[in-house]
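# Breakdown of the fold
The lines below spell out each chain.
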Amino acid sequence: MNLPTNLKYTKDHEWISLEGDIATIGITDFAQGELGDIVYVEVETLDQTLEKDEVFGTVEAVKTVSDLFLPMSGEIIEFNEDLERNPETVNSDPYGKGWMVKVKVSDLSQWDELLDHNSYGTLIGV
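Residues numbered from 1 in each chain as written. Predicted model: local features only at pLDDT ≥ 70, side-chain atom pairs only at ≥ 80, totals over all residues. Heavy atoms only, no water.

### Comments concerning the packing of aromatic side chains
In plain terms, the rule: Under the pairing criterion, centres of Phe, Tyr and Trp rings, with the six-membered ring standing for Trp, must be within 6.5 Å; the plane angle then separates stacked pairs below 30 degrees from edge-to-face pairs above 60, leaving the rest tilted. Secondary structure elements are taken from DSSP: a helix is a run of H or I of four residues or more, a strand is a run of E of two residues or more, and numbering for both begins at the N terminus. The classification of residues rests on relative accessible area computed with a 1.4 Å probe and restricted to protein chains. Under 20% of the type maximum is buried, over 50% is exposed, and intermediate values are partly exposed. Throughout this description, the term charge over a ring refers to an Arg CZ or Lys NZ atom that lies within 6 Å of the ring centre and within 35 degrees of the ring normal.
The full count for this structure, using the stated rule, is two aromatic pairs. Taking 4.9 Å as the distance between ring centres and 10 degrees as the angle between the ring planes, the aromatic pair formed by Tyr9 and Tyr120 counts as stacked. With Tyr9 in strand β1 (residues 8–9) and Tyr120 in helix α4 (residues 117–124), this pair connects stretches of sequence that are 111 residues apart. The same class applies to Tyr9 and to Tyr120, which are both buried. One Lys or Arg, Lys102, reaches over the ring of Trp99 and ends 5.0 Å from the middle of that ring.

What follows is the structure, given as structure tokens:
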């Protein structure tokens, strides 16, 4: 199980990296493995400001559709458009080319509330 130490995680299986006030968000290796083959990623919240834990999109796999929850409040400023053509990138590279959105964070203190890799590993049993 791949759990990069430089990222933060949520109980909903999203990962977050932060540079200044810009967060990059995707789903974890564990989440993509549980979902199976991802066939579609939908984000209709571009240019919207959302609160922490609001749904910012969905990810559709062969057998299920799962909501994506925003781990930090802010404005969705970018969607990874490559996922429109190649949603399976989330399966093959969840922490790299499979990122989903970039967010201009409005409350940086929320970063401290997220799980580190050890806490997330305990959550998923690794």
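Now, onward.
### Points about the sheet that holds strand β2 (residues 14–19)
As a reminder, the rule being used: Criterion used throughout: strands pair if DSSP finds at least two bridges between them.
With antiparallel pairing, six strands are arranged side by side in an open sheet as β1-β2-β3-β9-β8-β5. Across the chains shown, the open sheet's two edge strands, defined by having one partner strand only, are β1 and β5 (49–50). Where β2 lies against strand β3 (residues 22–27), six bridges are found, and the strand directions are antiparallel. Its bridge partner being in β3, Ile16 is matched across the sheet by Ile25.

### A look at a nonpolar patch on the surface
Definition in use: Residues enter patches when their relative accessible area tops 30% and they take part in no salt bridge; the joining distance is 9 Å for like charges and 5 Å for the nonpolar side chains Val, Leu, Ile, Met, Phe, Trp and Tyr. Only the protein chains shown count as cover for residues, with accessible areas throughout obtained via the Shrake-Rupley method and a probe of 1.4 Å. By salt bridge we mean one thing: a side-chain nitrogen of Lys or Arg within 4 Å of a carboxyl oxygen of Asp or Glu.
Taken together, the side chains of Val39, Tyr40 and Val62 present a nonpolar region at the surface, about 280 Å² in accessible area. Of note, Tyr40 is situated in strand β4 (residues 38–42).

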